[in-house]
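Observations on the model geometry
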Amino acid sequence: MTDTPLLHTSEIAKRYGSVVALRSVDLVVGRGEVHGLVGANGAGKSTLVKILTGVLRPDSGVVEVDGKRVRLRSPAHARAAGLAPVFQDPAFARDLTLADNLKLTGTSHAGFRRQLELLEIRDVDLGARAGELALPLLRMLDLARSLAHDPRLILLDEITAALPADYAQQVFGAIARAKADGRSVLFISHRLLEVQELCDQVTVLRDGRNVVTHARAEDLEQRIVAAMLGERAALAVTEPAKVAPVRSVVPGEPALSVRNLSDGHRVRDVSFSIAKGEVLGITGLEGQGQDELFALLSGDRRASGGEIVVAGQPLSARHPVDAIRRGLALVPGDRLEALLPQRPVAENLATPTYARPSKWGWINADRERQKVSDAIKRLSIDTRAQAQVKRLSGGNQQKVAIGRWLVAGFDTLLCFDPTRGIDVGTKHQIYDLFRELADAGRSVLMFTSELREVPLACDRVLVMYGGRIVAEMPSAEADEATLLNSAHGLAETLADQA
Ligand SMILES: Nc1ncnc2c1ncn2[C@@H]1O[C@H](COP(=O)(O)OP(=O)(O)OP(=O)(O)O)[C@@H](O)[C@H]1O
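On a predicted model such as this, the values are computed, not experimentally measured, just so you know. Numbering of residues begins from 1 in every chain and follows the order in which that chain's sequence is written. A pLDDT threshold of at least 70 governs which residues receive local features in this predicted model, and a stricter bar of 80 or more applies before side-chain atom pairs are shown or counted, although totals over entire chains, interfaces and linings include all residues.

**With respect to the nonpolar core**
Cut-off, in case you're wondering: Each nonpolar core reported here comprises buried Ala, Val, Leu, Ile, Met, Phe, Trp, Tyr and Cys residues connected via C-beta atoms within 7 Å. Exposure classes come from backbone-placed C-beta atoms, where a residue is buried if 20 or more other C-beta atoms lie within 10 Å of its own, exposed if 12 or fewer do, and partly exposed in between. A run of H or I in DSSP counts as a helix once it spans at least four residues, and a run of E counts as a strand once it spans at least two, with each numbered from the N terminus. With C-beta atoms placed from the backbone, a contact is any residue pair whose C-beta atoms sit within 7 Å.
In this structure, V331 and L414 are the most contacted members of the largest nonpolar core, which totals 76 residues. The element contributing the most residues to this core is helix 14 (residues 394-408), with seven residues. Discounting chain neighbours no more than four positions away, the residues touching L414 are F294, L297, S298, L328, A329, L330 and L445. With 71 residues, the next largest nonpolar core counts V29, L141, V171 and C199 among its residues.

Right, here's the structure in full:
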């Protein structure tokens with residue numbers, strides 16, 4: 001009996017109208033096993049998780065838990081069968097308090113609090129509205145809620161995407177505890193190094209089918225990328241991390257400078273500039289003032305002190321449109337803020353053009369269509385479900401959030417974890433794209449929680465801690481250990497060096 005796997009799916013298939021999301025998936029997850037599930041954007045991973053957690057019914061196929069066939073009729077039913085998810089976009093009703101959200105899922109406050117303690121998440125006010133909380137924190141709360149149900153299989157759908165290093169460590173700790181308790185974990189991630197380090201087995205989905213399952217191995221990353229994307233593409237993205245060559249930034253007036261910027265709360269005396277033609281990275285642990293800094297730069301929040309200078313002229317934005325008119329475009333951390341979920345892909349891509357500054361001029365409908373189609377190609381957006389953006393897979397929605405500005409134009413792109421949830425193949429296309437934009441004299445300021453991304457995408461990087469910039473270095477020197485040290489506030493600060 002102990003040989004019976006905890007979960008066994010056979011020939012699971014699911015289509016959404018004409019879109020075939022899953023053709024036939026066979027998956028076996030053993031007890032106490034951490035099982036990775038990987039695949040390119042749109043391969044069908046989230047659809048499978050939704051089927052296994054009672055959100056969707058499969059068109060055909062069989063799910064067995066403990067050797068017994070189950071029909072998972074609802075999320076509550078799946079939880080009762082021991083299967084509990086954490087989704088890419090946390091399943092909290094944003095206009096309700098946390099306490100009300102816990103009530104909706106029948107989660108005990110004591111169990112939830114106990115899990116928060118284990119995850120070292122403190123000072124959570126159950127009276128706070130979910131919509132007021134930052135996305136990374138919501139993910140952690142979602143994890144605590146799932147664990148509070150004492151699941152036998154925890155399904156983590158890209159929980160670490162856009163999760164800063166300190167929270168990611170807590171997630172890894174929770175996975176290790178689950179395994180030690182004999183629970184199983186289905187772990188979905190586009191961060192393949194994590195998959196290699198955490199998982200006992202890894203199944204690769206491609207075009208709605210499981211193509212291979214590998215046991216833990218040294219060269220797993222290369223093998224899974226080959227199965228996901230094909231051999232040639234795999235070579236291009238798994239060769240040793242290249243340090244971005246130092247680019248010739250355009251001398252003279254910076255594209256954007258910030259002097260002694262403060263918001264009286266989380267951002268303290270921040271000063272830096274970005275040259276035209278530069279890709280500047282910012283990184284930091286959760287809650288170090290990065291969200292507020294981007295809100296100030298994008299005109300979503302007013303500074304209490306200091307100044308923002310755009311191409312030599314002060315910017316005093318009262319509204320994001322003021323910043324857009326000066327060429328500052330934002331890709332927010334939470335893509336749902338950027339998208340019109342009910343509207344088609346093409347309309348979403350064209351939307352910011354309506355706020356476009358006159359200096360870029362009005363473009364005619366044909367040219368706009370051409371730009372939309374170029375953005376779709378450039379970012380490999382899977383448009384099989386293009387009638388409504390909410391029907392795209394998570395990674396493809398993220399690509400639309402970036403693509404909007406390729407269509408509208410900008411001088412400086414402010415982007416917050418731009419490659420969140422994007423597969424390894426397209427990630428590299430995005431780094432190349434940023435490089436091309438920089439070579440054409442534009443600038444990119446990108447916050448990234450994925451430290452490995454810094455040398456691949458940026459010329460230079462700043463580290464935030466406690467609302468201040470505490471370190472600055474060329475990306476050639478920005479290895480993970482150095483960045484983490486600074487991010488924890490352990491390095492000599494810029495002020496100390498001065
Ligand atoms: N409600 C829906 N209506 C139509 N098509 C949908 C719907 N939900 C998902 N799809 C389509 O099903 C396919 C698989 O999507 P899914 O979200 O399962 O992919 P994924 O592997 O999780 O991708 P990602 O890595 O980007 O999160 C995609 O082509 C997607 O557009």
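Okay, back to it.
**Quick look at helix 14**
Residues spaced three or four apart along an α-helix face the same direction, because each turn holds 3.6 residues. To keep it simple, the criterion reads: What a helix should span is 1.5 Å times the count of its residues minus one.
Taking 1.5 Å of rise per residue, 15 residues should cover 21 Å, and helix 14 covers 22 Å from first to last C-alpha, within 8% of that figure. Burial within helix 14 is extensive, with 15 of its 15 residues counted as buried. Looking one or two places after helix 14, you find G409, whose phi comes out positive at around 90 degrees.

**Topic: the confidence of the model for the protein chain**
Keep this limit in mind: Within a predicted model, pLDDT stands for the predictor's per-residue confidence, ranging from 0 to 100.
The predicted model of the protein chain averages 89 in pLDDT, with 92% of residues at 70 or higher. Of the two predicted TM-score estimates for the complex, the pTM is 0.87 and the ipTM is 0.98.

**Details of the site of the ligand**
So the rule is basically this: Only the C-beta atom matters for nearness: placed from the backbone, it must lie within 6 Å of the molecule or strand for the residue to count as near.
Taken together, the neighbourhood of the ligand is formed by 22 residues, with Y16, N41, S46, S393 and G395 sitting nearest. Residue assignment for the shell around the ligand shows that the elements contributing at least two residues are strand 2 (19-29), helix 1 (45-52) and helix 14.

**Examining the environment of S298**
Checked against the element boundaries, S298 lands in the loop between helix 10 (290-297) and strand 14 (305-310). S298 gets classed as buried once you count the C-beta atoms within 10 Å, which come to 20. With 115 residues separating them along the chain, S298 and L413 place their C-alpha atoms 9.8 Å apart. When neighbours within four sequence positions are excluded, S298 is seen to be in contact with P320, A323, L328, L330 and L414.

**As for the sheet that holds strand 15 (residues 313-315)**
Heads up, the rule is: A pair of strands is considered paired only if DSSP assigns at least 2 bridges between the two. Axis definition: a line fitted to C-alpha atoms, over the contacting stretch in the case of helices. Angles run 0 to 180 degrees between N-to-C directions.
If you walk across this open sheet you meet the four strands as 12-11-14-15, and the pairing is antiparallel. Edge positions in the sheet fall to strand 12 (270-274) and strand 15, since each has one partner strand and no second. The sheet shows a mean angle of 25 degrees between the axes of neighbouring strands, direction not considered. Alignment of strand 11 (residues 256-262) against strand 14, held across five bridges, turns out to be antiparallel. Note that in strand 14 the partner of S257 across the bridge is V309.

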